[in-house]
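Structural characterization, general
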Amino acid sequence: MWGLQFNIVFEVWQFRVRSILIRAWSGLGRTKWWGQQTRFSIRQKSGPGQEDTFPITEEAGLYLHWPYCQRRCTYCNFNKYIARDVDHNAMMKCLVRETETLLRLSQVKRISSIFFGGGTPSLALPSTVAAILESVAKRAQLPSDAEVTLEVNPTSVGASKLSEFRSAGVNRFSIGIQSLHDPDLVLLGRDHTSQHAQQTLEEAKKLCPGRTSVDVIFGRPGQSVESWEKELEELLLLCCDHVSLYQLTLERGTALFKQVQDGKLSVPSEELTAQMYNAARRILGKCGFRQYEVSNFAKNDAVSVHNLAYWKGRQYIGIGPGAHGRFVPLGDGAMLREARIQTLEPDFWMREVQRCGHGTRKRVPLSRLDVSEEAMVMGLRMTEGITHEHWKQICPEWSLQEIFKGSQEVQGLLQEGLLIMDSRGVRCSWGGLAVLDSMLPALLNQLQMTASGERQSKQETTF
């Protein structure tokens, strides 16, 4: 479910701005961010009075947002639109054009992965996916084995087109099952049944063996730990590659939020949802699934390559209404990595693309501290955490030991066994991963204090 995953990226950005964590999630390679310049590769010494310079990365992931859905789920507040008639030809032309424009602007030479999210991208025409992939291949290297993921709504309509999407170039399906209980699917506003979900999953597994993922939501109204465990065990009889778990979040403005606020429904307590999360981790582990990120579990190394790029702080380009991106727009002569947001509303976005070649609505240059904060939040979501080598590439000025050595709070987390720091790097323990949100304020505060101390030191040296 890209919507939920991508929402985490947006919230991480909000977190950096407000210094308050809401929840946590979305580009690469050997990255360097130095001072106010986002540079990549091996650091080189500059001459007196000159800034350090680095070659820029030539690789990125590509995210494409299909904004349309057949109906709005009761829990959903993502950028999606219910349209009676979609001009598929106009949408395809605009997605292709914006892809061409931003590839040219970024000057990337290689696209490492592509993700079609939404909305409901399985409502798009397979010919639209084929046209976009063809356009990418003309303007950048797109390896024959590059991961190309499509989010699928498991309705009979979505399942019927899977083979066409496979022929168009998709080689990984992410299926939004959400629940195997039909009453819960109705409550969530889903337009599929558990039978549809099982049929879609079986078809996807045939078309993309070893590259099929399912999304499931826990913490639903009326759900118990016991019913959740039984449901998950049932799901694992069907799924053999990859599982993404998401705790239901009540978002203001949604139908589900209002029902709970009005007392018509109740959701499990935080204590119960924590038990559900840890129960799921144990069950998945016993079934051979390796947890590699807070919400993601893979068997036979069927990890999401595209999502790993987000968590490792790599460069990615966002295409389509409301898409986010993180890349250096070299074509504009810029040397800073930017956070970019495309225009939200599809009709306005299309007009801007037709007029300007792209629909970028907001651009925010990212400082070294900005990128370091994002890297810390995202990196600690992975079970492998952040290695010293990777952190040195991100932030060569301060080692992880230097950042955390003076913090009693961080030392307390280490002593409690929630956080682990050793010769490999820093990471959460099994128990720490479940309470990462509560640990991040102390970690980020220490990073900010380190940056502030360096600025003060430089100012004092100037006088």
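Preceding this paragraph is the structure being described.
The structure displayed is predicted, hence computed values, not measured ones.

Side chains that differ in charge, positive against negative, can pair when their charged atoms come close. For the coordinates displayed, the defined rule picks out 17 salt bridges. Here glutamate 134 makes a salt bridge to lysine 138, at a shortest N to O gap of 3.6 Å. Placement of both glutamate 134 and lysine 138 in helix 3 (residues 126–139) is noted, with a separation of four residues, approximately one turn of the helix. Residue glutamate 134 is classed as partly exposed on the basis of its relative accessible area of 47%. Salt bridges sharing common partners tie together Asp332, Glu338, Arg340 and Arg363.

In this model, helix 8 (residues 225–236) (12 residues) spans 16 Å end to end at C-alpha, consistent with the 16 Å of a helix rising 1.5 Å per residue. Every buried residue belonging to helix 8 is among Val225, Trp228, Glu231, Leu232, Leu235 and Leu236, and all of these are buried. Down the axis of helix 8, the buried set is contained in an arc of 135°. They therefore lie on one face. Within helix 8, the exposed residues directed more than 90 degrees away from the buried face are Glu226 and Lys230. Where helix 8 is buried, its residues meet strand 8 (172–178), strand 9 (212–218), strand 10 (242–247) and helix 10 (270–286).

Attention shifts here to the sheet that holds strand 18 (residues 419–421). Taken together, three strands build an open sheet; the order of strands is 17-19-18 and the sheet is antiparallel. The sheet is open, and its two borders are formed by strand 17 (386–387) and strand 18, each paired with just one other strand. Two elements, strand 18 and strand 19 (residues 425–428), share three bridges in a ladder whose sense is antiparallel. Of the residues in strand 19, the one forming a bridge with methionine 421 is valine 426.

With that settled, the discussion passes to helix 7 (residues 194–207). The end-to-end C-alpha distance of helix 7, which contains 14 residues, comes to 20 Å, matching closely the 20 Å that a straight helix rising 1.5 Å per residue would cover. Of the residues making up helix 7, those classed as buried are Ser194, Ala197, Thr200, Leu201, Ala204 and Lys205. Along the axis of helix 7, the buried residues cluster in a sector spanning 135°; they form a single face. When the buried face of helix 7 is taken as reference, the exposed residues oriented beyond 90 degrees from it are Gln195 and Lys206.

This part is about the packing of aromatic side chains. Following the criterion strictly, the structure yields six aromatic pairs and no others. Ring geometry for tyrosine 63 and phenylalanine 115: centres 6.1 Å apart, planes at 25°, overall stacked. Of this pair, tyrosine 63 sits in strand 3 (residues 59–66) while phenylalanine 115 sits in strand 6 (residues 110–118), and the two are 52 residues apart along the sequence. The interplanar angle of 20° and the centroid separation of 6.4 Å between the aromatic rings of phenylalanine 218 and tyrosine 277 together place this pair among those described as stacked. Placement of phenylalanine 218 in strand 9 and of tyrosine 277 in helix 10 is noted, with a sequence separation of 59 residues between them. For the pair formed by phenylalanine 218 and tyrosine 277, the shared burial category is buried. An aromatic cluster is built from Phe218, Trp228 and Tyr277, whose rings are joined through pairwise contacts. The lysine or arginine in question, arginine 281, covers the ring of tryptophan 430, its NZ or CZ lying 3.9 Å from the ring centre.

Parameters and conventions
Residues numbered from 1 in each chain as written. Predicted model: local features only at pLDDT ≥ 70, side-chain atom pairs only at ≥ 80, totals over all residues. Heavy atoms only, no water. Salt bridge = Lys/Arg side-chain N within 4 Å of Asp/Glu carboxyl O. Helix = DSSP H or I, 4+ residues; strand = E, 2+ residues; numbered from the N terminus. Buried < 20%, exposed > 50% of the residue type's maximum accessible area, 1.4 Å probe, protein only. Expected span 1.5 Å × (residues − 1). Arc of directions from axis to C-beta. Contact = heavy atoms within 4.5 Å. Pairing = 2+ DSSP bridges. Phe/Tyr/Trp six-rings, centres within 6.5 Å; stacked < 30°, edge-to-face > 60°. Lys NZ or Arg CZ within 6 Å of the ring centre and 35° of its normal.

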